[in-house]
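For reference, the chains in residue letters:
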Amino acid sequence: MNRTRIISVLTENYIGKTVTVCGWVRSKRESKGVAFVALNDGTSQDTLQLVIPDTASAFKELHCINTGAAIRAEGLIKKSPGKGQSCELEVNGITVYGNADAEKYPLQKKGHTLEFLREIGHLRPRTNTFGAVFRVRNILSDAVHEFFQKRGFIWVHTPIITASDCEGAGDLFTVSSLDFEKLPMHENGDIDFSHDFFGKRAFLTVSGQLEAEFLALSLGDVYTFGPTFRAENSNTSRHLSEFWMIEPEMAFADLTDDIKLAEDFVQYLCSKVLEKCEKEIAFFQKFYKNTSIEELKDLAEKPFTRITYTQAIEELEKAKKAEFEFPVKWGLDLQSEHEKYLTDNIFKGPVVVTDYPKEIKAFYMRLNEDGNTVAAMDVLAPKIGEIIGGSQREERLDILKNRMTDASVPVKSMEWYLDLRRYGSAPHAGFGLGFERLVQYITGMPNIRDVIPCPRTPQHIRF
RNA sequence: UCCCGGGUAGCUCAGCCGGCAGAGCGGAUGGCUGUUAACCAUCUUGUCGGGGGUUCGAAUCCCUCCCCGGGAGCCA
């Protein structure tokens, strides 16, 4: 079908041209001599105004052109005499592909709550809000690849199904082809996974990091961008059971390089959104007020605050102790309230916290000279909390082995990981960024379930 | 999983110290010479989340289950 996208009609000069547009009716306003239809085809934040004079044959079809109807309209693009739009389509002919019963169609010509829209996940992309979210999400996805490709990083595809259950990143989903009605059992009552598809228990990945490490230690700079699965019973506005993660890994790099990459990365993504999603951001600013063009400009330009964990503890101790529910003490992990205090109250922007005590971080993080802290870094964002977690990896075989033992990581199944330290080991570093949290941060959407088309959370797998 | 708050019309919510179920929006119809979530008039709408109990009488009080939201933990 030969159709012109509404974004083109609105942003390029079509005045005086005859076009055909297709889309879904957002609203219809009828007067005696003329009717107006606001049409949206998903390509733009704004609608195209269709003008239907009572002389047009289409005027008789107005009764079945309700909010939600899918239509095709052709006519002449004219300069609009009305306020609110620069051009409009004077309709010559209209085809109704699918009407929508106005009495039953759930999307009314009015605002809806995000909670209600979550119940109609299949229709919510037709709203202003979700159209904007998914367009911004797309620009961000594209910018992820653009950023890394420009810098010579290789996109690697780490496995979705994995046998390693020792990444320390939480509970895993088991992947099995066993007949659940007739499970093969060991004598002690455990399930015998040797009869399963892979001959051993398999899982959905919780992180591609360990695989990305061996790819970095051969290809140099690599990144992953794919789905990640966590079977944790987390019920918050910033957790999903299925989410997308971006994990760059760099050979011959230390923590400073890692932090710089994280900062450049977030700033690049942010500037791309400012460049390509002006209307969408303006929309979020107007209706959700959790984000603004000014804030995003700051984010894209100002260097992130960098402090060590030890400094963070000192800053928090300076704050009135009564303000915190949880204790602030060197050696204890930072709680949400502490992270929020750092980003929202003290530094008023993203904060990179580095060099955490080794006891509260993963075994693969490189031990610092002091023997107490590791070369870790978390990027904390205002309101959201941690959006990036990264580290320089432990490349020294003996120290890594000790840390695995201390952390009760089964060394036996990790021999391949240790091999990387036996043969041509090199300093390397990387991080993981939760893509939806970034989309949340940039759009200001309060709930992570509203930045992914089909959110998966405990007890929820509709749509 | 824990702690709070909530579930009443298609949507948003009022009613909750027990006594005939309401408003706004939406939708329908009519009016209006260009509207902007149009406007004006009229009409339309119920398993008061489910089950049980107390009572002459329960949306309202009690018990229980389910669902939704906010916060916390786990993390990205």
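Residues numbered from 1 in each chain as written. Chains lettered and ligands numbered in written order. Predicted model: local features only at pLDDT ≥ 70, side-chain atom pairs only at ≥ 80, totals over all residues. Heavy atoms only, no water.

Novice: Help me out: how do you make sense of the overall build of chain A in this one?
Specialist: Within chain A, the secondary structure is distributed over 12 helices and 16 strands. Projected onto its principal axes, the C-alpha coordinates of chain A cover approximately 85 × 60 × 45 Å. Counting all 463 residues of chain A, 52% fall into the buried class. Long-range pairs, those at least 24 residues apart, make up 67% of the contacts in chain A between residues at least 6 apart in sequence. Surface exposure of chain A reaches about 22700 Å², of which carbon and sulfur atoms provide 51%. Computing the positive centroid from 57 side-chain charges and the negative centroid from 66, chain A places the two 8 Å apart. (Helix = DSSP H or I, 4+ residues; strand = E, 2+ residues; numbered from the N terminus. Buried < 20%, exposed > 50% of the residue type's maximum accessible area, 1.4 Å probe, protein only. Contact = heavy atoms within 4.5 Å. Areas by Shrake-Rupley, 256 points an atom, 1.4 Å probe, with all protein chains shown as cover. Lys, Arg positive; Asp, Glu negative; His and termini not counted. Charge placed at Lys NZ, Arg CZ, Asp CG, Glu CD.)

Novice: Is there a simple way to think about the packing of aromatic side chains in this case?
Specialist: Counted under the stated rule, the structure contains 23 aromatic pairs. Through successive ring pairs, a cluster of aromatic residues spans F147, F148, F153, W155, Y223, F265, Y268 and F431. In this arrangement the basic side chain of K17 is found over the ring face of Y14, its NZ or CZ atom lying 5.1 Å from the centre. Looking at R421, its charged tip hangs above the ring of Y417, at a distance of 4.1 Å from the centre. (Phe/Tyr/Trp six-rings, centres within 6.5 Å; stacked < 30°, edge-to-face > 60°. Lys NZ or Arg CZ within 6 Å of the ring centre and 35° of its normal.)

Novice: Got a minute to help me understand the state of the cysteines in this structure?
Specialist: Structurally, a disulfide amounts to a covalent bond that connects the sulfur atoms of two cysteines. Inspection of every chain in the model, using the stated rule, returns 0 disulfides. Cysteine C22 is unpaired, with the sulfur of C64 as its nearest cysteine sulfur at 16 Å. Residue classification places C22 among the buried residues on the basis of a relative accessible area of 11%. (Disulfide = S-S within 2.5 Å.)

Novice: What is the right way to read a nonpolar patch on the surface from this model?
Specialist: Together, I160, I161, F197 and F198 line one region of the surface with nonpolar side chains, adding up to about 400 Å² of accessible area. Topologically, I161 is positioned in strand β7 (residues 161-162). (Patch = residues over 30% accessible without salt bridge, like charges linked within 9 Å, V, L, I, M, F, W, Y side chains within 5 Å. Salt bridge = Lys/Arg side-chain N within 4 Å of Asp/Glu carboxyl O.)

Novice: Quick question: what am I supposed to make of the domain arrangement of chain A here?
Specialist: Taken as a whole, chain A is organised into domain 1 (6-105), domain 2 (126-161 + 206-451) and domain 3 (172-205). The centre of domain 2, based on its C-alpha atoms, is set 33 Å off from the matching centre of domain 3. Taken together, the contact between domain 2 and domain 3 spans 12 residues of the former and 8 residues of the latter. Overall, the association of domain 2 and domain 3 removes approximately 800 Å² of surface from exposure, summing both partners, and the carbon and sulfur fraction of that is 69%. Inspection of the domain 2/domain 3 interface yields 0 salt bridges. The tally of links from domain 2 across to domain 3 stands at 4 residue pairs in polar contact (both at pLDDT 80 or more). Per element, the largest residue contribution to the side of domain 2 that touches domain 3 is 3 residues, and it comes from strand β10 (residues 221-229). (Domains from an automatic or database assignment. Buried area = accessible area lost by both parts, 1.4 Å probe. Polar contact = N/O pair within 3.5 Å; in protein donor to acceptor, adjacent residues only side chain to side chain.)

Novice: I keep staring at helix α6 (residues 278-287) and nothing clicks. Help me out?
Specialist: For an α-helix, the turn length of 3.6 residues means that residues three or four places apart are oriented alike. E280, I281, F283 and F284 are the residues of α6 that are buried. The arc that holds every buried residue of α6, seen down its axis, measures 155°, which confines them to one face. Residues E278, K279 and K286 are exposed on α6 and point more than 90 degrees away from its buried face. Looking at the packing, one finds that the buried side of α6 touches α3 (128-150), α5 (255-276), α7 (293-301) and α12 (435-443). (Arc of directions from axis to C-beta.)

Novice: Looking at this model, I keep getting lost on the side chain of T443. Mind explaining?
Specialist: Assignment of secondary structure puts T443 in helix α12. A polar side-chain atom of T443 sits 3.2 Å from the main-chain amide nitrogen of M445.

Novice: Would you mind showing me how to read the nonpolar core here?
Specialist: Considering soluble globular proteins, one finds that nonpolar side chains tend to be buried as a cluster. In this structure, L140, V144, F148, F265, F284, M377 and I388 are the most contacted members of the largest nonpolar core, which totals 67 residues. If you tally residues by element for this core, the top one is α3, at 11 residues. Among all residues touching F265, those that are not within four sequence positions of it are V144, F147, F148, I246, F431 and L433. (Core = buried A, V, L, I, M, F, W, Y, C linked by side-chain atoms within 4.5 Å.)

Novice: Got a minute to help me understand α12 in this structure?
Specialist: Taken across its 9 residues, α12 has 9 buried, putting it largely inside the fold. Where α12 is concerned, the buried positions are F435, E436, R437, L438, V439, Q440, Y441, I442 and T443.

Novice: Explain the protein's contact with RNA strand B to me, please; I cannot follow it from the model alone.
Specialist: In the vicinity of RNA strand B, 51 residues are found, and the nearest of them are K110, G111, H239, R437 and H460. Between RNA strand B and N235 there is a distance of 2.8 Å, counted from a base oxygen to a side-chain nitrogen or oxygen. A distance of 3.4 Å separates a phosphate oxygen of RNA strand B from a polar atom in the side chain of R449. When contributions to the surface near RNA strand B are tallied by element, the ones reaching two or more residues are β1 (18-30), β2 (34-40), α2 (114-119), β11 (242-251), α9 (336-346), β15 (385-392) and β16 (428-434). When residues in the surface near RNA strand B are grouped by element, the largest group, 4 residues, is from β15. Class assignment of the residues belonging to the surface near RNA strand B gives a composition of 11 nonpolar, 23 polar and 17 charged. (Near = heavy atom within 4 Å. Nonpolar A, V, L, I, M, F, W, Y, C, P; charged D, E, K, R; others polar.)

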